[in-house]
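Remarks on the overall topology
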Amino acid sequence: MNKAVKFLKDFQDDENGNAAFELLFCVPIMVWALLSTMVYFDAFHDEAISTRAGLTIADMLSRETANITPEYMTNLGDLLQSLTETEDSPELRVTVFECFKANPDDDCRHDLIWSENVGMDSNNTNTTLAELANRLPMMANNDKAILVETETDYNAEYTVSISPFIVPNLTGVTFSSFTVISPRYESSVCWEVSPGDSLCDFDDL
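Okay, so let's go over this structure. Within every chain, residues take consecutive numbers counted from 1 along the sequence as written. In keeping with the predicted nature of the model, local features appear solely for residues at pLDDT of at least 70, side-chain atom pairs appear and are counted solely at 80 or more, and the whole-chain, interface and lining totals rest on all residues. Side-chain metrics rest on all non-hydrogen atoms present in the structure, leaving aside hydrogens and water.

Here's the deal with the pairing of strand β3 (residues 144-153)
Any residue under 20% of the maximum accessible area for its type is buried, any over 50% is exposed, and the rest in between are partly exposed; the area is computed with a 1.4 Å probe on protein chains only. Runs of E in the DSSP output that reach at least two residues are strands. Runs of H or I that reach at least four are helices, and both are numbered from the N terminus. The buried fraction of β3 amounts to 8 of the 10 residues, a majority that puts the element mostly inside the structure. The pairing criterion is simple: DSSP has to find at least two bridges between the two strands. When strand β1 (residues 91-100) meets β3, the two strands line up antiparallel, connected through 8 bridges. Looking at β3, one finds that L92 is bridged to T150.

Regarding the layout of surface pockets
A water-sized probe, rolled over the atoms, reveals where empty space remains. Every definition here rests on a 1 Å grid over the protein atoms only: cavities are sets of points where a 1.4 Å probe fits but cannot get out, pockets are open sets enclosed by protein on both sides within 12 Å along at least five of seven lines, and lining residues have some atom within 4 Å of a point. Grid points are joined across faces, edges and corners, and a volume is the space filled by probe spheres set on the points. There is about 160 Å³ of room inside the second largest pocket. Along its surface, the second largest pocket is lined by K101, D106, D107, C108, H110, A133, L136, P137, M138 and M139. Of the residues that constitute the lining of the second largest pocket, the class distribution is 6 nonpolar, 1 polar and 3 charged. For this classification, Asp, Glu, Lys and Arg are treated as charged, while Ala, Val, Leu, Ile, Met, Phe, Trp, Tyr, Cys and Pro are nonpolar and the rest, including Gly, are polar.

Describing the packing of aromatic side chains
Pairing of aromatic side chains requires ring centres within 6.5 Å, counting the rings of Phe and Tyr and the six-membered ring of Trp. Pairs whose planes differ by under 30 degrees are stacked, by over 60 edge-to-face, and all others tilted. Tallying each qualifying case throughout the model produces 2 aromatic pairs. A centroid spacing of 5.3 Å and a plane angle of 35° characterise the contact between W114 and W191, whose relative ring orientation is tilted. Remark: W191 occurs in strand β5 (residues 191-194) and W114 occurs in strand β2 (residues 109-118); sequence separation between them is 77 residues.

So, to be careful, I would describe these as geometric facts and stop short of saying anything about function.
Pasting the structure below:
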């Protein structure tokens, strides 16, 4: 037993070695760490682009004075894809809603005016707006706001392919943005139901 303990202690204190062998063991780990860092950097870069694209579309809508049409929504979807530089079609949902307060000190009841999407499964409803209440900002009574939601799939095929190992948690990732903004030049942003008929206010429903 004493010999075993002495051997282990001598092995621990032994500083002899061959630099070539140490380099052989260290280089693969260093290369993996460097390339994996590139993968994570690319993911954060794409997430930032996705967020900024959502903000850009929200800012566009806030300045809009004409009616929003189905063609306009389709073009917004194309713009989102162009801004995010993704091969997959990103998803977009635009919702215009109004704050109603029975009493000045009450919390907002968010009444849906209109909601349309490109690529998403469904539009928002009064029920879904109520579920999102804790994410919506404080508003004055009868104020209207625009909610822009985007979802962009992250494609890490290129950056992962240059790394010797697949970086975990970066496969099948979807970047989402959630932006609420007030109309700038009009009291509301209107949806054109048909020529000459539009939804601008909760009372129009």
